[in-house]
Every structure is written in C-alpha cells, then in structure tokens.
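# A look at the structure
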Amino acid sequence: MFECLSLLTTEPDTAMRNTLSLLLLTLSTTAFAAGGHSHGKAELDIALDGNTLTLALEAPLESLVGFERAPKNANEQERVKKAAEKLRAADKLFVISADAACKLQSVKLASAVIDPALLGEAPAANAAGAKAAGAKEEGHADLDGEFVFRCDKPAAVKSVTVNLFDAFSLLQRVDARAASAKGQHAAKLNGKSRTLSW
Ligand SMILES: [Zn+2]
C-alpha cells in the first residue's frame, strides 16, 4: 500500500493516473482516514474488544443537522435535539449480527460548536468531550459519537448494518472500518449498500 501511495508523489501520466485511481478505489479507506471532513460523508470505526463493541462515528455536523455552528434559534436547537435523540437510539442505527446478542450500553455525543446539554450530555462530561471533538477547520465542525455495545457472544459479531442514511438524509456515505481478532475490514457504505461484514 505504501508503494502505491508513494507513486502519487511523482507526476503520473493520464493512463497511469487512471490506473492509480482504480487502485486507490480498491484500497482500504484507512489510507485516507486523516483526509477528514467532506459534507455528506462520515467515518465509522468499529472495534471489538472482549465483549465490548465500540462504534466511533465522526460526521460533519452539516450532514446531521444542516449547519455547522451553534444553533441560532429555537428551530435550530430543536433540530440538534432531534438529531441527538436519533443518535441515542443507536441500536436502531447500528444493527449488529443478531446471534451476538449485543445490547447498547452507552452513547456519548460531542461537538465543538454545540452546547453539550442540547446533545443530552451532562455538563461535566461534556466539557472534556467537546474539547476532544474540536473544530477541524475554520467554518466547519463535526459531531462525534461513541456508541458502546456489550455482546454476550462476541465471536458471533460478523457484521454491522448502518441505518444512518434513513435517519439523516444529507448523509450519503459512511466509510466504515472494523478491527477484530480476525483483522481489519473496511467498506464504503451508502443507502443501498449499508452492511460491513467480516
Ligand atoms: Zn463542513
């Protein structure tokens, strides 16, 4: 993978560039995880550790509520609250292999530009969370979510289906990555193809 990427630093001709584009499409999204914020696209990291399945979502705030700043009026505050409510019902947004018997344990939401109370967070926990969420670039802001499930049969966790697309119409793509004892798996999910399996 590193060899492929290093080729990009040279000036490839058009044919080469096309080949590289194809190659890059097939590469794991991991290589571009640091690329960050583009509207309509979120990142989801799934990690299984013992009985604990943790899903970490990083989404442009725009894709969840339609703006990327503190809400300016009651209407916008309501939009934030609704989005938080949907995210807190995480067992509907993320459907894990039924055999694994996973139960949602906790949800943490944070955004650098949103009052934690609007996200349903306690003020103390929020101060730290909001700081960690930090605005990425001027004029842009993310909403970060951490969703923790406890699974009775973790060995049976073989897929996660992402239903964020139903809940948030501005969200078009989720780059999902999963890390388990079996290795790393990645997929670009969208409304039509929304399951990462391994
Ligand atoms: Zn943005």
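In the block above lies the structure referred to throughout.
The text that follows walks through the structure, step by step, so that each part is easy to find. (Residues numbered from 1 in each chain as written. Predicted model: local features only at pLDDT ≥ 70, side-chain atom pairs only at ≥ 80, totals over all residues. Heavy atoms only, no water.)

This part covers the coordination of the zinc ion. On the protein side, the zinc ion has His-37 (NE2), His-39 (NE2), Glu-68 (OE), Glu-68 (OE) and His-140 (ND1) as donor atoms, found 1.8 to 2.7 Å from it. Here the donor residues of the zinc ion share one chain and are spaced in sequence as H-x1-H-x28-E-x71-H. Pair noted here: His-39 is in the loop between helix H2 (14–26) and strand S1 (41–49) and Glu-68 is in the loop between helix H3 (61–65) and helix H4 (74–88), with a separation of 29 residues, a long-range link. Accessibility expressed as a relative area gives 41% for His-39, which makes it partly exposed. (Donors = N, O, S within 2.8 Å, 3.2 Å for Na, K, Ca; no water. Helix = DSSP H or I, 4+ residues; strand = E, 2+ residues; numbered from the N terminus. Buried < 20%, exposed > 50% of the residue type's maximum accessible area, 1.4 Å probe, protein only.)

Here we take up the sheet that holds strand S9 (residues 195–197). Judged by pairing direction, the sheet is antiparallel, and its 3 strands sit side by side in the order S3-S6-S9 without closing on themselves. Two strands bound the open sheet, and with one partner strand each, they are strand S3 (94–96) and S9. Each adjacent strand pair in this sheet contributes to an overall mean axis angle of 15°, direction not counted. Note that S3 and strand S6 (residues 159–162) share 3 bridges and pair antiparallel. (Pairing = 2+ DSSP bridges. Axes fitted to C-alpha atoms, helices over the stretch in contact; angles between N-to-C directions.)

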